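One-letter residues, chain by chain:
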Amino acid sequence: MPTKSVQTSPFSDQRPGTSGLRKKVPVFQQPHYVENFVQAIFDTVEGRDGATLVVGGDGRYYNKEVVQKVLKMAAANGFGRVLVGQNGLLSTPAVSCIIRKYKAVGGVVLSASHNPGGPQGDFGIKFNVSHGGPAPETFTEAVFKRTQGITEYKTSDASDIDLGRIGETAIDGMAVQVLDPVADYAELMETLVDFGKISSLFRSGFTMRFDALSAVTGPYAKEILERRLGAPAGTVVNAEPMPDFGGHHPDPNPVHAHELMELMQGPDAPDFGAASDGDGDRNMIVAPNLFVTPSDSLAILTAHAHLAPGYAGGLAGVARSMPTSRAADRVAAKLGIKAYETPTGWKFFANLMDAGLVTLCGEESAGTGSNHIREKDGLWAVLLWLNILAELKKPADQIVREHWAAFGRDFYTRYDYEEIETERADELMTHLRQGLSTLPGKRFGELTVESADDFAYTDPVDGSVTPKQGVRILFKEDARAVFRLSGTGTAGATLRIYMERFEPDPSRHHVERGDALIPVVEAAKEIAGIEGFTGRAAPSVVT
Ligand code: G16
């Protein structure tokens, strides 16, 4: 048997963040670095003997090499079968779909999501458990603990598998099935949205652009939008997944998807625009001349999901991460369904979905999804929008404006201060936390603080408590500022400030969101002493 044990020693920096372990590529390229982490995952998976494992990634630099390492380690660690995407590719939602469909024990996803790729870019490894969703914190903490005591890992001297050919092969007796990465996912989509209606929409002359940002969603979008739904060739652009994403920063927001934004603001704008991220779980929705914030998108999907066959029976409930605006809550109240508020991180939605409490979930960070899988799903969100557009037969921007008129508008923006010194960022958060009790009643410009706290979440299903999930400051004027540090960056710390203000008066809904939010931005900067702590006069990215 070519199986062998290799001696190793721990790396101190292998604690997973919001969504798996993310580091610069050269960090992952250190000898034993990948193997230590993967062995720690395998040691933590219960029931792996003879079980099925799913493996795939977003095609970023180092994906190919790491897929081969994971396959050999899986064989040496007793898995019975691995399902791997052709050429090592699988989008994150496709992994979730395949885990559930084939009853796998879990899946190893190679991705740093929306972070840039390339030899000096980012890489990442995350593990999804048997329900198809990201591993919960109890699991990731156990993995981290294991990495800190690791002394050896198991692998195989077998040769690399040819991942270009779909079909079945083996490593040391473990079956390896190379899958078409798109087929199972596309089949699932056909059960949720009305492909006939969307095809008719395209036949009627409706135009759209889908920008895959040279990341993994390209092949999925080409197959579903162009081949199955009949959108004209060329609707999907940047459709070829590339190891460096063709120089794109694969984060679907108005800053990084600027080519799409420019098109949608120009005279040749199609009827609808969309983009997705590195691993295909995020989405961006743009109407001509109108960027739809992810928070509004969740609310609009919640209001109209029943128009799609997969949701015709109505929704059980809706969930959003705490920093996401309260727009979806307003829809839930009208529909008479419950709205849940969770910490940032898709993993917190799984319990709610498994318990049947919610059907749709979403986050301000461009993630939207439903209980069809246990991950957020970029292309699914686009398809649900298309189904709604086909049913309502109204332009996308009109749907958004009518939504505001009916529910009020939650003006929303996020400021990111990237790569600040970790110590300074920690000091800022400590300062904020220490001052919380002194804030109520204080006035900042035209806003008065009503309450201030540090969000702690009690999972309604298993009772687990997750403290310190972000500082929330509520203003009497129905505005809010939330502060937290990102858990997905790979250099220094990223401070995120989420700001929103509710405007019930339709005569003020046309105001530019940047203008509407100036008082909240000014108050947030002053309360946190941003410039003093970070030395930054302006954020790195505003979305
Ligand atoms: C991940 C998580 C999301 C989270 C996002 C941002 O998304 O799955 O739940 O909202 O990170 O997290 P943070 O604010 O901590 O950077 P993805 O698309 O990066 O996997």
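Focus: the packing of aromatic side chains
Consideration 1: Here the structure, examined in full by the defined rule, presents 14 aromatic pairs.
Consideration 2: Centroid distance tryptophan 346 to phenylalanine 349: 4.6 Å. Interplanar angle 80 degrees. Geometry classified as edge-to-face. Of the two residues, tryptophan 346 and phenylalanine 349, neither departs from the other in class, the shared state being buried.
Consideration 3: A network of ring pairs unites the aromatic residues Phe11, Phe28, Tyr33, Tyr62 and Phe123 as a single cluster.
Consideration 4: Over the ring of phenylalanine 502 we find arginine 330, and its NZ or CZ is 3.7 Å from the ring centre.

Examining helix 2 (residues 33–44)
Every α-helix winds through 3.6 residues per turn, so residues three or four apart in the chain are directed the same way.
Consideration 1: Compared with the 16 Å implied by 1.5 Å per residue over 12 residues, the 17 Å span of helix 2 between its first and last C-alpha is a close match.
Consideration 2: The element helix 2 is largely enclosed, with a buried count of 11 among its 12 residues.
Consideration 3: Taken together, the buried positions of helix 2 are Tyr33, Val34, Glu35, Asn36, Phe37, Val38, Gln39, Ala40, Ile41, Phe42 and Thr44.

Brief notes about the sheet that holds strand 12 (residues 272–276)
Consideration 1: Across the sheet, which stays open at both edges, the five strands sit in the order 11-10-12-13-14 with mixed pairing between neighbours. Edge positions in the sheet fall to strand 11 (236–237) and strand 14 (290–292), since each has one partner strand and no second.
Consideration 2: Where strand 12 meets strand 13 (residues 283–287), four bridges bridge the pair, whose relative direction is antiparallel. Bridged to serine 276 within strand 13 is asparagine 283.

Brief notes about the pairing of strand 21 (residues 447–454)
Consideration 1: The sheet contact formed by strand 20 (residues 443–444) and strand 21 spans two bridges and is antiparallel. Bridging from a neighbouring strand, arginine 443 pairs with threonine 448 of strand 21.
Consideration 2: Linkage of strand 20 to strand 21, two consecutive antiparallel strands, is achieved through a turn of two residues, within which glycine 445 is found at a positive phi near 60 degrees.
Consideration 3: Where strand 21 lies against strand 24 (residues 471–475), five bridges are found, and the strand directions are antiparallel.

Some thoughts on the site of the ligand
Consideration 1: Around the ligand, the surrounding shell holds 20 residues, and the nearest of these are Glu363, Arg484, Ser486, Thr488 and Arg496.
Consideration 2: A distance of 3.3 Å separates an oxygen atom of the ligand from a polar atom in the side chain of serine 19.
Consideration 3: In the environment of the ligand, an oxygen atom lies 2.6 Å from a nitrogen or oxygen atom belonging to the side chain of serine 486.
Consideration 4: Protein chains bury 99% of the 460 Å² of accessible surface belonging to the ligand in isolation.
Consideration 5: In terms of residue class, the shell around the ligand is made up of two nonpolar, 10 polar and eight charged.

Some remarks on the domain arrangement of the protein chain
Consideration 1: The domain architecture assigned to the protein chain consists of domain 1 (3–181), domain 2 (185–407) and domain 3 (409–542).
Consideration 2: A C-alpha centroid distance of 26 Å is found between domain 2 and domain 3.
Consideration 3: If you look at the interface, domain 2 gives 29 residues, while domain 3 gives 26 residues.
Consideration 4: Of all residues in domain 2, the largest losses of buried area upon contact with domain 3 belong to Met322, Arg326 and Trp404, amounting jointly to 26% of the total for that side.
Consideration 5: Measuring nitrogen to oxygen at the nearest pair gives 3.3 Å for the salt bridge that ties arginine 472 to glutamate 341.

Structural notes on the side chain of arginine 320
Consideration 1: Tracing the backbone shows arginine 320 in strand 15 (residues 317–321).
Consideration 2: Within polar-contact distance, the side chain of arginine 320 engages the side chain of glutamate 341 at 3.2 Å.
Consideration 3: Apart from residues no more than four positions distant in its own chain, arginine 320 is found in contact with Leu298, Ser325, Arg326, Asp329, Tyr340, Glu341, Thr342, Phe349, Gly362 and Arg480.

Some words on the nonpolar core
Consideration 1: If you look at the biggest cluster of nonpolar residues, it comprises 75 residues, and the most contacted ones within it are Met208, Phe210, Leu225, Phe272, Leu379, Trp385 and Leu386.
Consideration 2: It is helix 13 (residues 378–392) that contributes the most residues to this core, 11 residues altogether.
Consideration 3: Two domains each donate at least three residues to this core, and these are domain 1 (3–181) and domain 2 (185–407).
Consideration 4: Those residues in contact with leucine 225 that lie beyond four places of it in its chain are Met208, Phe210, Gly230, Ala231, Val236, Leu379, Leu383 and Leu386.
Consideration 5: Judged by nonpolar contacts, the second largest core, of 45 residues, contains Phe42, Leu53, Val66 and Val70.

A few points about unusual backbone geometry
Consideration 1: Backbone geometry places histidine 32, a non-glycine residue, at a positive phi of 75 degrees.
Consideration 2: Mapped onto the secondary structure, histidine 32 falls in the loop between helix 1 (25–28) and helix 2.
Consideration 3: Positive phi values are uncommon outside glycine, yet lysine 393 reaches one of about 55 degrees.
Consideration 4: As for its position among the elements, lysine 393 is in the loop between helix 13 and helix 14 (396–407).

Thresholds, definitions, all that
Residues numbered from 1 in each chain as written. Predicted model: local features only at pLDDT ≥ 70, side-chain atom pairs only at ≥ 80, totals over all residues. Heavy atoms only, no water. Phe/Tyr/Trp six-rings, centres within 6.5 Å; stacked < 30°, edge-to-face > 60°. Buried < 20%, exposed > 50% of the residue type's maximum accessible area, 1.4 Å probe, protein only. Lys NZ or Arg CZ within 6 Å of the ring centre and 35° of its normal. Helix = DSSP H or I, 4+ residues; strand = E, 2+ residues; numbered from the N terminus. Expected span 1.5 Å × (residues − 1). Pairing = 2+ DSSP bridges. Near = heavy atom within 4 Å. Polar contact = N/O pair within 3.5 Å; in protein donor to acceptor, adjacent residues only side chain to side chain. Areas by Shrake-Rupley, 256 points an atom, 1.4 Å probe, with all protein chains shown as cover. Nonpolar A, V, L, I, M, F, W, Y, C, P; charged D, E, K, R; others polar. Domains from an automatic or database assignment. Contact = heavy atoms within 4.5 Å. Buried area = accessible area lost by both parts, 1.4 Å probe. Salt bridge = Lys/Arg side-chain N within 4 Å of Asp/Glu carboxyl O. Core = buried A, V, L, I, M, F, W, Y, C linked by side-chain atoms within 4.5 Å.

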